[in-house]
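Notes for the structure review
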Amino acid sequence: EPEVTQTPSHQVTQMGQEVILRCVPISNHLYFYWYRQILGQKVEFLVSFYNNEISEKSEIFDDQFSVERPDGSNFTLKIRSTKLEDSAMYFCASNPTSGGNEQFFGPGTRLTVL
Amino acid sequence: GESVGLHLPTLSVQEGDNSIINCAYSNSASDYFIWYKQESGKGPQFIIDIRSNMDKRQGQRVTVLLNKTVKHLSLQIAATQPGDSAVYFCAENSNTGKLIFGQGTTLQVKP
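Take the interface of chain A and chain B next. Interfaces are often described in size by the accessible area the parts lose on coming together. In this assembly, 18 residues from chain A lie in contact with 20 residues from chain B. Each partner contributes to the roughly 1600 Å² buried at the junction of chain A and chain B, and carbon and sulfur atoms together form 51% of this total. Taken together, chain A and chain B are joined by one salt bridge. Put simply, chain A and chain B have six residue pairs in polar contact (both at pLDDT 80 or more) between them. Sorting elements by how many residues they give to the side of chain A that touches chain B places strand β4 (residues 31-37) of chain A first, with three residues. Residues that form the side of chain A that touches chain B fall into these classes: seven nonpolar, eight polar and three charged.

Residues and elements named next belong to chain B. Per the stated rule, a full pass over the model turns up five salt bridges over all chains. Notably, a salt bridge pairs glutamate 39 with lysine 42, separated by 3.7 Å at the nearest N-O pair. According to the relative accessible area criterion, glutamate 39 is partly exposed, its value standing at 26%. Under the relative-accessibility criterion, lysine 42 is labelled partly exposed at 47%. Here aspartate 84 ties to arginine 61 by a salt bridge, and the two come within 2.9 Å at their closest N and O atoms. Of this pair, aspartate 84 sits in the loop between β8 (72-77) and β9 (86-93) while arginine 61 sits in the loop between β6 (56-58) and β7 (62-67), placing them 23 residues apart in sequence. With a relative accessible area of 7%, aspartate 84 lands in the buried category.

The rules behind each value
- Residues numbered from 1 in each chain as written.
- Chains lettered and ligands numbered in written order.
- Predicted model: local features only at pLDDT ≥ 70, side-chain atom pairs only at ≥ 80, totals over all residues.
- Heavy atoms only, no water.
- Contact = heavy atoms within 4.5 Å.
- Buried area = accessible area lost by both parts, 1.4 Å probe.
- Salt bridge = Lys/Arg side-chain N within 4 Å of Asp/Glu carboxyl O.
- Polar contact = N/O pair within 3.5 Å; in protein donor to acceptor, adjacent residues only side chain to side chain.
- Helix = DSSP H or I, 4+ residues; strand = E, 2+ residues; numbered from the N terminus.
- Nonpolar A, V, L, I, M, F, W, Y, C, P; charged D, E, K, R; others polar.
- Buried < 20%, exposed > 50% of the residue type's maximum accessible area, 1.4 Å probe, protein only.

This is the structure:
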């Protein structure tokens, strides 16, 4: 069964450093998403991506964040200068169409900013 | 504003009993809802969904009920098993595609 994969599973970084979180969505899916979940809290939307551009982004997704689909398979989230409050689980999700359909989530990357 | 919330943070049930997890949503224009299960250290896993033109949908051991009048959603799990122990989230799928998650209810199943 196809699944969304994410690497690394755990990333530890120093405050102010850049990190890139990687995702491989399900191959025939067209819509891609990043969400984050701070420990013990709900999952929060960050950004959606379709046709090589951002469709929607939340207030959390400020200038420090960027997304890219550098090739036909990877979907990345970059945080330029990490802050302590960026520590969270980051989930990638994809679906074949927008709205009104299940989104398939990856296992997540745990980001720890020291 | 946009919000989807759950009524109870923790639900503890005996193995074999039925579980009911509730959710309230605020956007009356929402037309699609999903229940996700999240086990410790894992990503959300789809359980069941329902569209706003329905008020009930059944899956294997799970049933989702939608009451649009009071903007309420519930997940019923029949014959709860230890493997059902997890955090359960309701999510509202906006017509822009993003999911708006509720706070989550932790289901604890006692043997």
